[in-house]
Protein chains: 2
Amino acid sequence: MTKAAIIGKGNVGTHLAKAFDGDIVSIDMFSSREVDRLTDEYTFIILAVRDTDIVKIGETVSEILPDFNGIVAHCAGSVDMEVLKSFFKNYGVFYPMQSFSKNIPILNYREIPLFIEGNNTDTEKRLMELAAVLSDNVRALNSEQRLKLHTASVMSCNFVNALYIMSEEILDKTGLPFDVLRPLIRKTTEKIMTHSPAECQTGPAIRGDKIIMEKHLDGLKDFPSIYNIYEEASSYIFNKFHNQLDNK
Amino acid sequence: MTKAAIIGKGNVGTHLAKAFDGDIVSIDMFSSREVDRLTDEYTFIILAVRDTDIVKIGETVSEILPDFNGIVAHCAGSVDMEVLKSFFKNYGVFYPMQSFSKNIPILNYREIPLFIEGNNTDTEKRLMELAAVLSDNVRALNSEQRLKLHTASVMSCNFVNALYIMSEEILDKTGLPFDVLRPLIRKTTEKIMTHSPAECQTGPAIRGDKIIMEKHLDGLKDFPSIYNIYEEASSYIFNKFHNQLDNK
């Protein structure tokens, strides 16, 4: 049975360990402070630690296991694989693209996209195989692509959620609960599951409806950051569908 | 059987007519140019026309039916009810909050929130009853609240979709299809259905992770509008969870 060590007991480490829990891979978990208990028995050491701790923990692992023959991989979307270069022969990246929250369970790990990179063909292949134990959605990706992907995921997840917070802030002033928006949010997501983003765009900005946009902005004068985002997003949408078409 | 006329054969008018199609309300549809065919036989006349056409069409209807005793309502999120005041005795608003796209069917109208306003108690009551024929989610709302709600819906639907377009633009450069983001998008929506926006916020901005944010911004230098939105959204998130807490 393949043995893997996961370093880090945060959101990613905990969810990964649970997901691997089965017959194919045996997992031992270590906190960052327990790294000195690591032994050579592991085929994989997964660094599920904060981005800023990857180099430090990587270095510590390499000092404890100077002749380590297995693979060491980090899990970060925006950290180059090569930060592990000076410490290990075989290293790579094991990046699950999901927004992990402490108290919200992962429903189905098999659907979570996993992005893999290895510093040589064999390492990449073995990390891909490890990833396939968890997910049906595994892909090789280099560090530059992964950084772009992570940026896109921040926009499609974290910033989308920020728009929900802004919406709630606006509704608060009218005494309406956030709940009134949920059917629209669900519908918006249903559409994007089967259509391209361009096909799904509606609203005053794509129509260039300045009268409505002015009314909305007028109501946002008490929310300066939301005001700016409203303006920026509207210009982006308008330019995307009008100016760019004109240039073609 | 209640008779209603829908003026306007665009997205909202077409979807409304289909939704009403049944035993309780009989619907006749008219385009803006066919308004002169209207008669006094209708209990409701629904103006499902462009925001900027509501006053003009309302005026025409009032000239054709000067003694109209029924109720005339417009369907706009951001237009004050009182624009119909000079034309009719009984008027109001019948606003279905949904993003209607021409070629994408509405799956279940009963879940779509409908927001109602009437210029007197009886008109509002009768519009509420008409709305209840279609939806289980009907609410009275004044024009000021409705404008705020419409602003919030633009943010939670149109701007969310704009973030998907931006994400696709970023991914395009790496050769990755938009599809890789869909599991994350679905998960983000699943979370918001049962949790508050504040509980769902994750990502570099809420952690104040400046190193990651700098890397992302660095990669967005070729996308000036996306760059600005990234900065604005990140500041909004950070301030929401840090500065505001400090002030409490």
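Quick note: structure is the one above.
Every chain's residues receive numbers from 1 upward, in the order its sequence appears when written. To read the labels, note that chains go from A and ligands from 1, taken in the order they are written. With pLDDT at 70 or above as the cut-off, local features in this predicted model cover only qualifying residues; side-chain atom pairs require 80 or more to be listed or tallied, and sums for whole chains, interfaces and linings still use all residues. By convention in this description, side-chain values take in all heavy atoms of the structure and omit both hydrogens and water.

**Student:** Any details on the overall build of chain A? Residues and values, ideally.
**Tutor:** Helix and strand labels come from DSSP, where a helix needs a run of H or I of at least four residues and a strand needs a run of E of at least two; each type is numbered from the N terminus. Each helix and strand in chain A was counted, giving 10 helices and seven strands. The reference for a compact globule is 2.2 Å times residues^0.38; the radius of gyration itself is calculated from the C-alpha atoms. For chain A, whose C-alpha radius of gyration is 23 Å, the value lies well above the compact-globule estimate of 18 Å for 248 residues. The principal-axis extents of the C-alpha atoms in chain A amount to approximately 70 × 45 × 30 Å. Each residue is assigned to one of three classes by its accessible area relative to the maximum for its type, calculated with a 1.4 Å probe on protein chains only: buried under 20%, partly exposed between the two thresholds, exposed over 50%. Considering chain A as a whole, with its 248 residues, one finds that 55% of them fall into the buried category. Nonlocal contacts in chain A, meaning residues at least 24 apart in sequence, comprise 57% of its contacts between residues at least 6 apart. All tallies of charge rest on Lys and Arg as positive and Asp and Glu as negative; His and the ends of each chain are not included. Lysine's charge is taken at NZ, arginine's at CZ, aspartate's at CG and glutamate's at CD. Here chain A contributes 27 positively and 34 negatively charged side chains, and the mean placements of these two sets differ by 3 Å. Contacts between residues were defined by any pair of non-hydrogen atoms, one from each residue, lying within 4.5 Å.

**Student:** Could you give an account of the interface of chain B and chain A, naming the residues involved and the relevant values?
**Tutor:** Listed per partner, the contact involves 92 residues of chain B and 92 residues of chain A. By definition here, a salt bridge exists when the distance from a side-chain nitrogen of Lys or Arg to a carboxyl oxygen of Asp or Glu is within 4 Å. Where chain B meets chain A, there are four salt bridges. Between B:Glu169 and A:Lys240 there is a salt bridge, with the nearest N and O atoms lying 2.9 Å from each other. In protein, a polar contact means a hydrogen-donor-capable atom and an acceptor-capable atom, both N or O and within 3.5 Å, with residues adjacent in sequence counting only if both atoms are side-chain atoms; elsewhere, any N or O pair within 3.5 Å suffices. Where chain B meets chain A, there are 37 residue pairs in polar contact (both at pLDDT 80 or more). Elements with a minimum of two residues in the side of chain B that touches chain A: helix H4 (143-172), helix H5 (182-194), helix H6 (197-200), helix H8 (210-219) and helix H9 (224-241) of chain B. We call Asp, Glu, Lys and Arg charged. Ala, Val, Leu, Ile, Met, Phe, Trp, Tyr, Cys and Pro are nonpolar, and the rest, Gly among them, are polar. The class makeup of the residues in the side of chain B that touches chain A is 49 nonpolar, 28 polar and 15 charged.

**Student:** Explain the pairing of strand S4 (residues 71-74) of chain B residue by residue, including any values.
**Tutor:** Residue and element names in this part refer to chain B. Residue alternation in S4 divides its side chains into two sets, Ile71 and Ala73 and Val72 and His74, and both sets are buried. In short, DSSP must find at least two bridges between two strands for them to pair. Pairing of S4 with strand S5 (residues 91-96) involves three bridges; the strand directions are parallel. Paired with Val72 across the two strands is Tyr91, which belongs to S5.

**Student:** Pulling in residues and values, what's your account of the sheet that holds strand S1 (residues 2-7) of chain A?
**Tutor:** Residues and elements named next belong to chain A. If you trace the seven strands from one edge of the open sheet to the other, you get S2-S1-S3-S4-S5-S6-S7, paired in mixed fashion. The open sheet terminates on both sides in strands that have one partner only, identified here as strand S2 (25-30) and strand S7 (138-140). Strand-to-strand twist across the sheet, computed as the mean angle between neighbouring axes with direction ignored, equals 25°. Of the pairings in the sheet, the one linking S1 to S2 comprises six bridges and is parallel in character. Residue Thr2 lies in a different strand from S2, and its bridge partner there is Val25. Lines are fitted to the C-alpha atoms to define the axes, a helix being fitted only along its stretch in contact, and any angle between axes, read from their N-to-C directions, falls within 0 to 180 degrees. The sheet contacts of helix H2 (residues 54-64) involve S1, strand S3 (44-47) and strand S4 (71-74), and relative to S3 the element is tilted by about 150°. Contacts from helix H4 (residues 143-172) reach S4, strand S5 (91-96) and strand S6 (114-118), with the element oriented near 20° to S5.

**Student:** Give a detailed account of the state of the cysteines, specifying residues and quantitative values.
**Tutor:** Cysteine sulfur pairs qualify as disulfides if the two atoms are within 2.5 Å. Per the stated rule, a full pass over the model turns up zero disulfides over all chains. For the unlinked cysteine B:Cys75, the closest cysteine sulfur is that of B:Cys157, found at 17 Å. You can call B:Cys75 buried: its relative accessible area is 11%. There is no disulfide at B:Cys157, and the cysteine sulfur nearest it, in A:Cys200, is 8.9 Å away. Owing to a relative accessible area of 5%, B:Cys157 belongs among the buried residues under this scheme.

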